[in-house]
Amino acid sequence: MARVLLENIKRIFNNVTAIEDISLEIPDSEFWVLVGPSGCGKSTILRTIAGLETATSGNLYIGDKLMNDVPARKRDVAMVFQNYALYPHMTVRENIAFGLQMRQVDRSIIQARVMTVAQSLGLGQLLDRKPKQLSGGQQQRVALGRAIARQPQVFLLDEPLSNLDAQLRDDTRAELKELHQNIGITTIYVTHDQTEAMTLADKIVVLDGGKIQQIGTPHHVYTQPANRMVASFLGNPPMNIFPGKYVGEGWDVVGNFLPLSQEIEQQLTLEIGQTVDLGIRPEHITITNADDSPALSAEVKVVEPLGRETLIRVGLLNSNVIVNAILQQGTANTNPALDQSICSGDRLSLKLDIEQLFVFNPNTGDRMFPN
Ligand SMILES: Nc1ncnc2c1ncn2[C@@H]1O[C@H](COP(=O)(O)OP(=O)(O)OP(=O)(O)O)[C@@H](O)[C@H]1O
Ligand SMILES: [Mg+2]
């Protein structure tokens, strides 16, 4: 187990800057999750830590040791790839044991560890099969098992659950969390899955365009996103962002009036005509009767009942602004009867909880409020 320290790591491929000036310190035993849109540099960061990629500049430490010139096999890290590769001629048992055999670990220890790992990943019945006799999800779990069995100093996991079906994914995610709580190996985990990021991470690192946008606990990055990019990336669906123009005591939002909250009025200095980007989470929107004011007029595009809650996607009238709202069944709406009968094409009014409004600089995307 060891901390991992990246100092100003940069990787340029030909003319493409894959990652730019990445500095991170992941304390020993913590579980950090990297998220960001496709191509933002997540895999490049993991591959650089693993030694499969050489940084163009910057320093990498594992523990206290500078790793820049240490070859991959001597770094004592285990990586599970986006496109995991098993040894096709070996059985599941041999695949899981492989890293241990390479290290000449005692046979009885290997056997015991393979069994423990296989049981915890639901592979106990498959130990004598070859990879081609396994489903994609089973293969992925073998790849994970192979990494876990080695008990390295650092785990690098690149979307390790992406091939699993929903149920297995939930189960394996819980297994991983428990495993980490038990053995506490420093873990860096890449995912596109919001639930994985929020539930597994001690800290989330949000990346965009090869740069770090924000580092924080899941709760912190969700409730206090540093900028528009982070706000509109995290959450399922993410924060709604739409333009507002200050008209004195409130904003014009495509022809609707939205009043300022008292806090915004006290903290922000605004000029008449100034445009901003406003942000609000889907769970802070309710639907209301048309004659309630203030509210935003909208037309329903899609209704998605999800059981406990209903997701509605609406377009603000006279604009191309799309807004997502999550309606908790019967609780969060000012008119609970409404959420039972909403259909696409319906006109309705959205009531925004203005205490929950975010304000972003429309040019830089930086958060202006809360500040
Ligand atoms: N070997 C390479 N040669 C040239 N460009 C590369 C190479 N590897 C990665 N890149 C570029 O570097 C950038 C970052 O790639 P990377 O694979 O790290 O993204 P990612 O965040 O893992 O994306 P995804 O979510 O799609 O897996 C991309 O623009 C990619 O095209
Ligand atoms: Mg990747």
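Per the secondary structure count, the chain includes nine helices and 21 strands. Projecting the C-alpha coordinates of the chain onto the three principal axes gives extents of approximately 75 × 45 × 35 Å. Relative to its 371 residues, the chain shows a buried fraction of 48%. Counting contacts in the chain only where the partners sit at least 6 residues apart, residues at least 24 apart contribute 65% of the total. A total of about 17,700 Å² of accessible surface is found on the chain, and carbon and sulfur atoms cover 46% of it. Within the chain, one finds 33 positive and 41 negative side-chain charges whose respective centroids are separated by 12 Å.

Attention shifts here to the domain arrangement of the chain. One widely used convention gives an interface's size as the accessible area the parts lose upon coming together. Under the domain assignment, the chain is made up of domain 1 (4-233) and domain 2 (240-369). For domain 1 and domain 2, the distance between their C-alpha centroids amounts to 38 Å. Residue-level contacts link nine residues of domain 1 with 13 residues of domain 2. Regarding the contact of domain 1 and domain 2, the summed buried area is about 870 Å², with carbon and sulfur atoms giving 46% of it. If you sort the residues of domain 1 by the area they bury against domain 2, Tyr-222, Pro-225 and Arg-228 come out on top, with a joint share of 62%. Inspection of the domain 1/domain 2 interface yields one salt bridge. A salt bridge links Asp-277 to Arg-228; its shortest N-O distance comes to 2.5 Å. The tally of links from domain 1 across to domain 2 stands at eight residue pairs in polar contact (both at pLDDT 80 or more).

To continue, consider the packing of helix α2 (residues 92-102) against helix α3 (residues 107-120). For the pair α2 and α3, interaxial distance at closest approach is 10 Å and the crossing angle is 130°. Considered as vectors, α2 and α3 are oriented oblique to each other. For the pair α2 and α3, the crossing hand works out as right-handed. Facing α2, whose interface residues are Arg-93, Ile-96, Ala-97, Leu-100 and Gln-101, α3 presents Ile-110, Arg-113, Val-114, Met-115, Val-117 and Ala-118. Here the residues of the contact of α2 with α3 are counted per class, giving eight nonpolar, one polar and two charged.

In this section: a negative patch on the surface. There is a patch of like negative charges on the surface, built from Asp-165, Asp-171, Glu-175 and Glu-178. For Asp-165, the location among the structural elements is in the loop between β7 (154-158) and α5 (166-183). A relative accessible area of 49% places Asp-165 in the partly exposed class.

Ranked by size, the top nonpolar core spans 44 residues in total, and within it Val-35, Ile-96 and Tyr-189 carry the most contacts. Looking at which element gives the most residues to this core, the answer is helix α4 (residues 136-150), with six residues. Not counting residues up to four positions away in its chain, the partners in contact with Val-35 are Lys-42, Thr-191, Ala-197, Ile-204, Val-205, Val-206, Leu-207, Phe-233 and Leu-234. If you look at the next biggest cluster of nonpolar residues, it comprises 33 residues, including Leu-268, Val-323, Leu-348 and Phe-369.

Quick look at the sheet that holds strand β17 (residues 309-316) now. Read across the sheet, five strands follow the order β15-β19-β16-β17-β18 without closing on themselves; strand pairing throughout is antiparallel. Only two strands of the sheet have a single partner each, and these edge strands are β15 (285-288) and β18 (322-328). Taken over all neighbouring pairs, the strand axes of this sheet differ in orientation by 50° on average, direction set aside. Examined bridge by bridge, strand β16 (residues 296-305) and strand β19 (residues 347-352) share four bridges and lie antiparallel to one another. Residue Glu-299 lies in a different strand from β19, and its bridge partner there is Arg-347.

An order of β2-β1-β4-β5 is seen for the four strands of this open sheet, with the pairing classed as antiparallel. Of all strands in the sheet, those bounded by a partner on one side alone are β2 (16-26) and β5 (65-66). Pairing between strand β1 (residues 4-13) and strand β4 (residues 57-62): five bridges, direction antiparallel. Across the sheet, the residue bridging to Val-4 is Ile-62, located in β4. In this fold helix α1 (residues 42-50) packs onto β1, β2 and β4, with an angle of close to 115° to the strand it touches most, β1.

Take the site of ligand 1 next. Close contacts around ligand 1 come from Phe-13, Ala-18, Ser-38, Gly-39, Cys-40, Gly-41, Lys-42, Ser-43, Thr-44, Gln-82 and His-192, and that covers them all. Within the side chain of Ser-38, one N or O atom sits 2.5 Å away from an oxygen atom of ligand 1. Side-chain polar atom of His-192 to an oxygen atom of ligand 1: 3.4 Å apart, as the coordinates give it. Within the complex, the protein chains bury 63% of what would otherwise be the 640 Å² of accessible surface of ligand 1. Ranked by the residues each element gives to the shell around ligand 1, the list is headed by α1, at three residues. A per-class count over the shell around ligand 1 returns three nonpolar, seven polar and one charged.

Parameters and conventions
Residues numbered from 1 in each chain as written. Chains lettered and ligands numbered in written order. Predicted model: local features only at pLDDT ≥ 70, side-chain atom pairs only at ≥ 80, totals over all residues. Heavy atoms only, no water. Helix = DSSP H or I, 4+ residues; strand = E, 2+ residues; numbered from the N terminus. Buried < 20%, exposed > 50% of the residue type's maximum accessible area, 1.4 Å probe, protein only. Contact = heavy atoms within 4.5 Å. Areas by Shrake-Rupley, 256 points an atom, 1.4 Å probe, with all protein chains shown as cover. Lys, Arg positive; Asp, Glu negative; His and termini not counted. Charge placed at Lys NZ, Arg CZ, Asp CG, Glu CD. Domains from an automatic or database assignment. Buried area = accessible area lost by both parts, 1.4 Å probe. Salt bridge = Lys/Arg side-chain N within 4 Å of Asp/Glu carboxyl O. Polar contact = N/O pair within 3.5 Å; in protein donor to acceptor, adjacent residues only side chain to side chain. Axes fitted to C-alpha atoms, helices over the stretch in contact; angles between N-to-C directions. Parallel < 35°, antiparallel > 145°, perpendicular 65-115°, else oblique. Left-handed = near helix turned anticlockwise from the far one by under 90°. Nonpolar A, V, L, I, M, F, W, Y, C, P; charged D, E, K, R; others polar. Patch = residues over 30% accessible without salt bridge, like charges linked within 9 Å, V, L, I, M, F, W, Y side chains within 5 Å. Core = buried A, V, L, I, M, F, W, Y, C linked by side-chain atoms within 4.5 Å. Pairing = 2+ DSSP bridges. Near = heavy atom within 4 Å.

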